[in-house]
Number of protein chains: 2
Amino acid sequence: MSTTKPAIGFVGLGAMGFGMATHLVRQGYPVYGFDLYAPSVQRFQAAGGIAVPSLRDSARDKQFYVCMVASAPQAQSVLFGEEGIVDVLPPNATLLLASTVPASYAQSVSAELQSRGRSDIFFIDCPVSGGAKRAADGTLSIMAGGSDEALQRGKFLLQTLSDSNKLYLVPGGVGAGSNMKMVHQVLAAIHILGASEAMGFAARLGLDATQVAEAIKSSDAWTWMHENRLQRMLEEDWNPGASALTIILKDVGIITASARQHQFPTPLSSTAEQIYLAALSQGFGSRDDSAMVRQYFPDPIQQVSASKSAVETEAALQLVLDLMRATNLCAAAEAIAFARFLNVDLDQFYQLVNDAAGASRIFTTQGLEMIEGRVGDKATQGAVRLRTVTEALEKAIQAGRDVTCPLHLGHAALSLLLLAQRAEGDQSSASVIRIFN
Amino acid sequence: MSTTKPAIGFVGLGAMGFGMATHLVRQGYPVYGFDLYAPSVQRFQAAGGIAVPSLRDSARDKQFYVCMVASAPQAQSVLFGEEGIVDVLPPNATLLLASTVPASYAQSVSAELQSRGRSDIFFIDCPVSGGAKRAADGTLSIMAGGSDEALQRGKFLLQTLSDSNKLYLVPGGVGAGSNMKMVHQVLAAIHILGASEAMGFAARLGLDATQVAEAIKSSDAWTWMHENRLQRMLEEDWNPGASALTIILKDVGIITASARQHQFPTPLSSTAEQIYLAALSQGFGSRDDSAMVRQYFPDPIQQVSASKSAVETEAALQLVLDLMRATNLCAAAEAIAFARFLNVDLDQFYQLVNDAAGASRIFTTQGLEMIEGRVGDKATQGAVRLRTVTEALEKAIQAGRDVTCPLHLGHAALSLLLLAQRAEGDQSSASVIRIFN
């Protein structure tokens, strides 16, 4: 058995792709990298990668190829454009599409490989998650769909790029990986805006940002996104963005476009998308998405000098937590309902979210009840009532109005909770998912 | 029978109040006017009014009194504050509260009159609508609730201030007038933002603003608000606002606060409120509400130079109309459902809206179907299907996304339509109201 590692072709040396490609280099693979942006290629070469002069040179004779460009149109051009790689990949090559794309696009790649007489190519639909640092560490979450043989052939690469317990081989073939990523991003897209909404609301209430953040972290209102974005939000370290607004905007666009295609409602994702679009118009596109806090509070939140009594502070803090609890509950319902609708494996989805950027304590505790269909059981011991969540949210929203703070997600959540309550009566709070039935 | 007209006390000489008070002066009434803002009092005096040095002087010995301040807190101070008028109004005086306030506040005034031993006062809850010009012309819409005797005593004043066919004596006593106004404002609040959303979307699509406006006017997407705000939107004549953002923001705040109190969902009103709040943060508070177009398009919409072919223009125009149709449909459903929930007389409501600022062609045509409960009848001849509206809206939203235009109301409407479709199946489009059942 040879110890020589196979050559890997790689296109797309942006923040994520650069990390992934250089990680492969460090693992001993000869990686032939290409990017339209020349400085990225030079940086890659400096990091031990092999620079090639053209896109096709990155693919010629490569049994394994990774495409990590930013979008479906870019992938289409890379794969099937005039100078595309599919024409030059060797027979029986394994092709990984790691970009975040609509499932329908991933499926169209399979179809086009077929129609171009390249059904010999083993194609894997494998979007990733986890950010640039985990890409470089080879500890990404990866959601991979494809034929059994394709997955078997590509598995060593997927394993090299992912954390040992964060590689999800998603049942359902090509498209299943992208669907899994998409429903995960429902949570990510809502929680990113939710982190800003909570911190902006807290600032409007005159609360100390750090104190609020600590309280959120140790509460059941915690989200992975809040914790992750917090430092950049506090420091207003937005330019260039570690996670640019345009990235989550692209992802949420995939969600809402796919939802429209299936005539499935995604009210909170849609709300978040519109606010992201509004921020884009205001020039926030290239900034870190934690800059969304500006949509809620005009000044740096760290400048708020808290002057409330301990009792007032505690009361105001509860309003912020209640806002997040209700938002996170509806986010969980929207994500799970959409996943269920798309026949995504819900047990795998639950496990994946809990270990990934879409995680929230509410998802962990209420999501299982939603998934297992135990919702609405009046006998459920100690379950939080829908009405309890709604009434707490209403108080938070009234307080938001009193300090003229828009609460986009809070209001979208309230509408959903009230519609659910009208339809279902006062069941356990997880029963909000029934509005999507 | 004396031809001498009775003296009228009047507080609140803002844009609306000044018009109303000077109209009364022109009709031959001695009007004793007061306002905290001295220049308004001077202007009132110059227009033939009688200036008084204090609030109480405007009320002493006045058998008829009109309160037209801006909000419930201001009314509370005028009526019951330390220098409030209730203590000095003569026995059996008739008191008109024409401010837009929550019904619950109007009812609290009745209760406080009682508890202060002034149940002799004939109190009328009578918010108005129609803008400053109609106030000055005495052609307002007025929605008046109160005891029969109070309404009888105040009727001559209500008639003097209103158009002959726009005085609505609303059954249900004190609070009924305010509720009627509030449910009307559901339509106003949504259509004001809707006008900007449509025109901003059209600009993003590269359409000529005037051409679009003409097309909207002659289509079933027409709203009174669109036609009324159009000129100011085109001219960007926003400062000082003919109808300042803060006014509709106050009104929509009454809607959403009351909805929360009743645990009733108002998703489109809530969406509009959040965007108004966002604009407030950006300094748009005192500007005309037609400036909301800035939330959708960064430049004056008249600067768009259209370059599409006739066929492309027609197709893009349809997207704008489809957006408005769906939004107006959901606005009608939200307003009628909330009115029904509050036991507002729906026949009167229907008549009132059609003659007032909340009017839309969709309300006129579909509203009756919603009110009469004929919705969802699959046999209804020629009724537009829910799915038809939804699919047209989806295309508009996709186009909006392609030109990175936020469509806040469009998305809120889509979520509602899709939820309704999931719950009800593909019925007539008016059946969207059932989601509020």
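The residue count restarts for each chain, going from 1 along the sequence in the order it is written. All chains are assigned letters beginning with A, and all ligands numbers beginning with 1, in the order in which they are written. Per-residue local features of the predicted model are confined to residues with pLDDT of at least 70, and side-chain atom pairs are confined, for both listing and counting, to 80 or more; whole-chain, interface and lining totals are unaffected and use all residues. Calculated side-chain values reflect all of the structure's heavy atoms, with hydrogen atoms and water omitted.

As annotated in an unreviewed UniProt entry, chain A is 6-phosphogluconate dehydrogenase NADP-binding domain-containing protein from Penicilliopsis zonata CBS 506.65.

Participant: What should I look at first to understand the packing of helix H8 (residues 176-204) of chain B against helix H14 (residues 346-354) of chain B in this one?
Facilitator: The angle between the axes and the distance between the axes are what describe a pair of packed helices. Residues and elements named next belong to chain B. Between the N-to-C directions of two axes lies an angle of 0 to 180 degrees, each axis being a line fitted to C-alpha atoms and, for a helix, fitted only over the stretch in contact. Only DSSP runs of H or I with at least four residues qualify as helices, and only runs of E with at least two residues qualify as strands; both kinds are numbered from the N terminus onward. One way to put it is that H8 packs onto H14 with a least axis distance of 11 Å and a crossing angle of 50°. One finds that H8 runs oblique with respect to H14. Judged by the twist between their axes, the crossing of H8 over H14 is right-handed. From H8, Met-180, Val-183, His-184 and Leu-187 reach across to H14, where they touch Gln-348, Phe-349, Leu-352 and Val-353. Residues are grouped as follows: nonpolar covers Ala, Val, Leu, Ile, Met, Phe, Trp, Tyr, Cys and Pro; charged covers Asp, Glu, Lys and Arg; every other residue, Gly included, is treated as polar. Classifying every residue of the contact of H8 with H14 gives six nonpolar, two polar and no charged. By the definition adopted for this analysis, an angle is roughly parallel if under 35 degrees, roughly antiparallel if over 145, roughly perpendicular if from 65 to 115, and oblique otherwise. Crossing handedness: left-handed means the near helix sits turned counterclockwise from the far one by under a right angle, and right-handed means the same turn made clockwise. The contact criterion used is simple: two residues touch if any of their non-hydrogen atoms lie within 4.5 Å.

Participant: Mind showing me how you'd approach the domain arrangement of chain A here?
Facilitator: All names here are of chain A. The domain boundaries here were taken from an automatic or database domain assignment. As assigned here, chain A comprises domain 1 (8-174) and domain 2 (181-436). The C-alpha-based centres of domain 1 and domain 2 are spaced at 32 Å. If you look at the interface, domain 1 gives 17 residues, while domain 2 gives 12 residues. Once two parts are put together, the accessible area they lose, assessed with a 1.4 Å probe and summed over both, is termed the buried area. In total, about 1300 Å² of surface goes out of reach between domain 1 and domain 2, with carbon and sulfur atoms giving 59% of it. A per-residue breakdown of the area domain 1 buries against domain 2 is headed by Thr-100, Met-143 and Tyr-168, which together make up 41% of the total. Two N or O atoms form a polar contact when they lie within 3.5 Å of each other; inside protein one atom must be a possible hydrogen donor and the other a possible acceptor, and for residues adjacent in sequence the pair counts only when both atoms belong to side chains. For the pair domain 1 and domain 2, the interface holds six residue pairs in polar contact (both at pLDDT 80 or more). Put simply, the parts of the chain that give the side of domain 1 that touches domain 2 at least two residues each are strand S7 (128-129), strand S8 (140-146) and strand S9 (162-169). Here the side of domain 1 that touches domain 2 takes four residues from S9, the largest share from any one element.

Participant: Mind showing me how you'd approach the interface of chain A and chain B here?
Facilitator: How big an interface is tends to be reported as the loss of accessible area on association of its parts. Each side of the interface is counted separately: chain A has 44 residues, and chain B has 44 residues. When chain A packs against chain B, the two sides together hide about 3600 Å² of surface, and 53% of this comes from carbon and sulfur. Of all residues in chain A, Arg-260, Gln-263 and Arg-422 of chain A bury the most surface against chain B, accounting for 23% of the area lost on that side. Within this document, salt bridges are pairs made up of a side-chain nitrogen of Lys or Arg and a carboxyl oxygen of Asp or Glu, the two lying within 4 Å of each other. Counting the contacts that link chain A with chain B gives two salt bridges. In this structure, Glu-273 of chain A engages Arg-401 of chain B in a salt bridge whose closest nitrogen and oxygen atoms are separated by 2.3 Å. Among the secondary structure elements, those contributing two or more residues to the side of chain A that touches chain B are helix H11 (245-261), helix H12 (267-281), helix H16 (386-402) and helix H17 (408-424) of chain A.

Participant: I'm lost on the UniProt feature "domain: 3-hydroxyisobutyrate dehydrogenase-like NAD-binding" (unreviewed entry) in chain A in this one. Help?
Facilitator: UniProt positions are given in the numbering used here, feature names are shortened, and annotations may be inferred rather than shown by experiment. Taken from the UniProt record, the annotation "domain: 3-hydroxyisobutyrate dehydrogenase-like NAD-binding" (unreviewed entry) applies to residues 175-295 and 319-434 of chain A. Helix makes up 68% of residues 175-295 of chain A and strand 0%. Its end C-alpha atoms lie 35 Å apart.

Participant: Explain the relation of the copies chain A and chain B here, please?
Facilitator: Superposition of the two copies of the chain requires a rotation about an axis together with a shift along that axis. In screw terms, the move from chain A to chain B is a rotation of 180° and a rise of 0.0 Å along the axis, fitting with an RMSD of 0.0 Å. The two molecules are tied by a two-fold rotation axis, judged by turn and shift. When you check the interface residues of chain A against chain B, 100% turn up at the interface there too, and the contact is symmetric in its surfaces. Least-squares fitting of one copy onto the other uses the C-alpha atoms of those residues that reach a pLDDT of at least 70 in both copies.

Participant: Explain the pattern of salt bridges here, please?
Facilitator: Should their charged atoms come close, side chains of opposite charge can pair. Residues and elements named next belong to chain A. Following the criterion strictly, the structure yields 32 salt bridges over all chains and no others. Close ionic contact of Arg-229 with Asp-289 constitutes a salt bridge, the shortest N to O distance being 2.6 Å. Taken as a pair, Arg-229 in helix H10 (residues 224-235) and Asp-289 in the loop between H12 and helix H13 (310-341) lie far apart in primary sequence, 60 residues in all. With a shortest N-O distance of 2.6 Å, Asp-322 and Arg-325 are connected by a salt bridge. Pair noted here: Asp-322 and Arg-325 are both in helix H13, with a separation of three residues, about one helical turn. Connected via shared salt-bridge partners are Asp-220, Asp-322 and Arg-325.

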